[in-house]
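# Topology and contacts: notes
Take a look at the letters that make up each chain.
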Amino acid sequence: MSVNVSDASRDDAATRVVLTGFGVFSSIGVGADEFAEGLRAGRSGAKPITLFETEGFAHANGCEITGAEPERWIHHLPTETLGRATQFSVAAARMAVEAAGVDLDDLRARRGMISIGTTDGESYELDHLVGTEVASGPAAMDPTVARRVHPNRLSIAAAQELGLSDVEAVTIATACSAGNYAIGQGFDAIRSGEVDYALCGGADAMCRKTFTGFYRLGTIAPDVCRPFDADRKGILTGEGAGVLMLESLASAQARGARVYAEVLGYGMNCDAYHQVAPNQSSVARCMEIALENAGVKPAEVDLISAHGTGTKANDVTESRAIHDVYGDTVPRTVSLKSMLGHTMGAASALAAIACALSIHHGFIPPTINHRETDPECEIDCVPNQSVEADLRVVQNNGLAFGGNNAIVILGKYQDGVR
């Protein structure tokens, strides 16, 4: 049956960007369904770290992924040629394509983008190389492991695995906000007509280097991560990957795809204020940029997924910045890092997926491990138990070292309504 649509409606559908499939590797669930269940249940991924030697550290919990078997989703590349983070990235990319119901032959005939954000690249593999060099000298270093180290493999290997040749494959290294940077890049490319689809997200594997760095900063929690809590002690390092299938609304409608949410807009800035400390005015300005880009008023936002690391400095600064933008009517503000740990470059990508799933399924995930809200963090963090909610607009914060801020605004998809 043919349907007559106005040119204006057709143009609108071509420039609206929607999310139609997700690939998820996390410590609380693999795949969108299991991840959504973990979020709703307030599942914790915290456990003792086994990926590397932790002798000498007073405490060493993390949010490590166990039993995930990313090789189940890697059909064409030899897994021994892929580092741990790249395996997560490649498997999540295929999972996102399959979940979106896209025919790969059709995808191969179209222009696309693969944009993966990261903090550490393949530092897990680099740890092993350096350990070998220290113990036995450079001649003993395994060349197979050495070939796995390049961070561009996170995106290029995904293109190779899926047989996508007409793609721009980029790895974005803006640390803990990199997933949102990647989503913003894909959003722009689709809206401008530069590409027909984009696989965007972030990936990182836990590594001794990053754990040790945060430990020496005094920001590793001894047991669990308690964002916004008066007794919070810091982060837990985590790992995983989140990859989102972005495409135009016209593309999704043409193939009858399920739409989880719409990308309304995003904001980015870089203040270079301090190596590790966030800047309140810059974070607030990034939120304003995102809302302006999305055409959304603060009063229309139903939920904020905060960066919410569980450190003293971040949580107070971020909370105050939220108040600078929202005044006394702050939306509920949650931190998924209470469940997932800090997954570095995957953090804002996994959070974006969580936001989309929350919109689609109608619930707000909790901030777990919560006992008493810090009076300096005047927010409702939805402590410990998820709540049912009809979410229309959700803001996803990503803040990174060096003042690299990126914030994405997602909305509930309504046919014909923007």
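None of these values were measured; they are calculated from a predicted model.

### Considerations on the UniProt feature "domain: Ketosynthase family 3 (KS3)" (unreviewed entry) in the protein chain
UniProt records the feature "domain: Ketosynthase family 3 (KS3)" (unreviewed entry) at residues 14-412, using the numbering of this structure. Split by type, residues 14-412 is 35% helix and 20% strand. Its first and last C-alpha atoms lie 18 Å apart.

### Looking at the side chain of Thr367
Here Thr367 is to be found in the loop between strand S12 (363-364) and strand S13 (387-388). A relative accessible area of 0% means that Thr367 is categorised as buried. At 2.7 Å, the side chain of Thr367 forms a polar contact with the backbone oxygen of Cys381. Filtering out sequence-adjacent residues up to four positions away, Thr367 remains in contact with Pro227, Thr333, Val334, Ser335, Ser338, Cys381, Val382, Pro383 and Asn384.

### Overview of the pattern of salt bridges
The tally for this structure, following the rule as stated, stands at 22 salt bridges. As a salt-bridge pair, Asp231 and Arg371 come within 2.8 Å of each other at their nearest N and O atoms. Placement of the pair is Asp231 in the loop between helix H9 (208-216) and strand S8 (240-248) and Arg371 in the loop between S12 and S13, with a sequence separation of 140 residues. Residue Asp231 is classed as partly exposed on the basis of its relative accessible area, which comes to 34%.

### Digging into the confidence of the model for the protein chain
Predicted coordinates in regions of low pLDDT should not be interpreted in detail. The share of residues in the protein chain with pLDDT of 70 or more is 97%, and the mean pLDDT across the chain is 94. Counting contacts from residues 1-10, a segment whose pLDDT is below 50, to residues more than four positions away or on other chains yields one contact.

### Describing unusual backbone geometry
Even without being a glycine, Asn369 presents a positive backbone phi close to 65 degrees. In this fold, Asn369 is placed in the loop between S12 and S13. The exposure class of Asn369 is buried, given its relative accessible area of 18%. Residues other than glycine seldom take positive phi values, yet Val382 does so here, at roughly 50 degrees. Tracing the chain through its elements places Val382 in the loop between S12 and S13. Using a relative accessible area of 4% as the deciding quantity, one classes Val382 as buried.

### Some thoughts on H9
Residues Thr210, Phe211 and Phe214 constitute the buried set of H9. The buried residues of H9 occupy one face: seen down the axis, they fall within an arc of 100 degrees. Contacts from the buried residues of H9 go to strand S4 (61-62).

### What to know about the environment of Gly201
Among the secondary structure elements, Gly201 is positioned in strand S7 (residues 197-204). Sequence separation of Gly201 and Val243 is 42 residues, and the distance between their C-alpha atoms is 4.3 Å. Those residues within four positions of Gly201 in sequence are excluded, and the remaining contacts are Ser115, Ile116, Gly117, Ala178, Gly179, Ala182, Gly242, Val243, Leu244 and Ala349.

### Observations concerning the packing of helix H3 (residues 84-100) against helix H7 (residues 153-162)
In a packed pair of helices, the relevant descriptors are the angle between the two axes and the axis-to-axis distance. Remark: H3 packs on H7, axes separated minimally by 8 Å, with the N-to-C direction vectors making an angle of 45 degrees. Here H3 lies oblique to H7, going by the angle between them. Pair H3 / H7 crosses with right-handed handedness. Along its contact with H3, which presents Ala85, Thr86, Ser89, Val90, Ala93, Arg94 and Val97, the element H7 presents Arg153, Leu154, Ala157, Ala158, Glu161 and Leu162. Partitioned by chemical class, the residues of the contact of H3 with H7 number eight nonpolar, two polar and three charged.

### Concerning helix H11 (residues 280-294)
Taking 1.5 Å as the rise per residue, H11 with 15 residues should run 21 Å; its terminal C-alpha atoms sit 21 Å apart, in good agreement. Turning to H11, its buried residues number three or more, namely Ser282, Val283, Ala284, Cys286, Met287, Ala290, Leu291 and Ala294. Of the surrounding elements, those touching the buried residues of H11 are strand S9 (261-270), helix H12 (312-326), strand S14 (393-400) and strand S15 (404-411). At the exit of H11 stands Gly295, carrying a positive phi of roughly 70 degrees.

### Looking at the pairing of S14
Counting buried residues along S14, eight of its eight residues qualify, which places the element largely inside the surrounding structure. Neither face of S14 is open: one carries Val393, Gln395, Asn397 and Leu399, the other Val394, Asn396, Gly398 and Ala400, and all of them are buried. Judged from the three bridges that link them, strand S10 (residues 303-305) and S14 form a sheet pairing that is parallel. Looking across to S14, one finds that Ser305 is bridged to Asn396.

The rules behind the values
Residues numbered from 1 in each chain as written. Predicted model: local features only at pLDDT ≥ 70, side-chain atom pairs only at ≥ 80, totals over all residues. Heavy atoms only, no water. UniProt positions renumbered as here; feature names shortened; annotations may be inferred. Helix = DSSP H or I, 4+ residues; strand = E, 2+ residues; numbered from the N terminus. Buried < 20%, exposed > 50% of the residue type's maximum accessible area, 1.4 Å probe, protein only. Polar contact = N/O pair within 3.5 Å; in protein donor to acceptor, adjacent residues only side chain to side chain. Contact = heavy atoms within 4.5 Å. Salt bridge = Lys/Arg side-chain N within 4 Å of Asp/Glu carboxyl O. pLDDT = per-residue confidence, 0-100. Arc of directions from axis to C-beta. Axes fitted to C-alpha atoms, helices over the stretch in contact; angles between N-to-C directions. Parallel < 35°, antiparallel > 145°, perpendicular 65-115°, else oblique. Left-handed = near helix turned anticlockwise from the far one by under 90°. Nonpolar A, V, L, I, M, F, W, Y, C, P; charged D, E, K, R; others polar. Expected span 1.5 Å × (residues − 1). Pairing = 2+ DSSP bridges.

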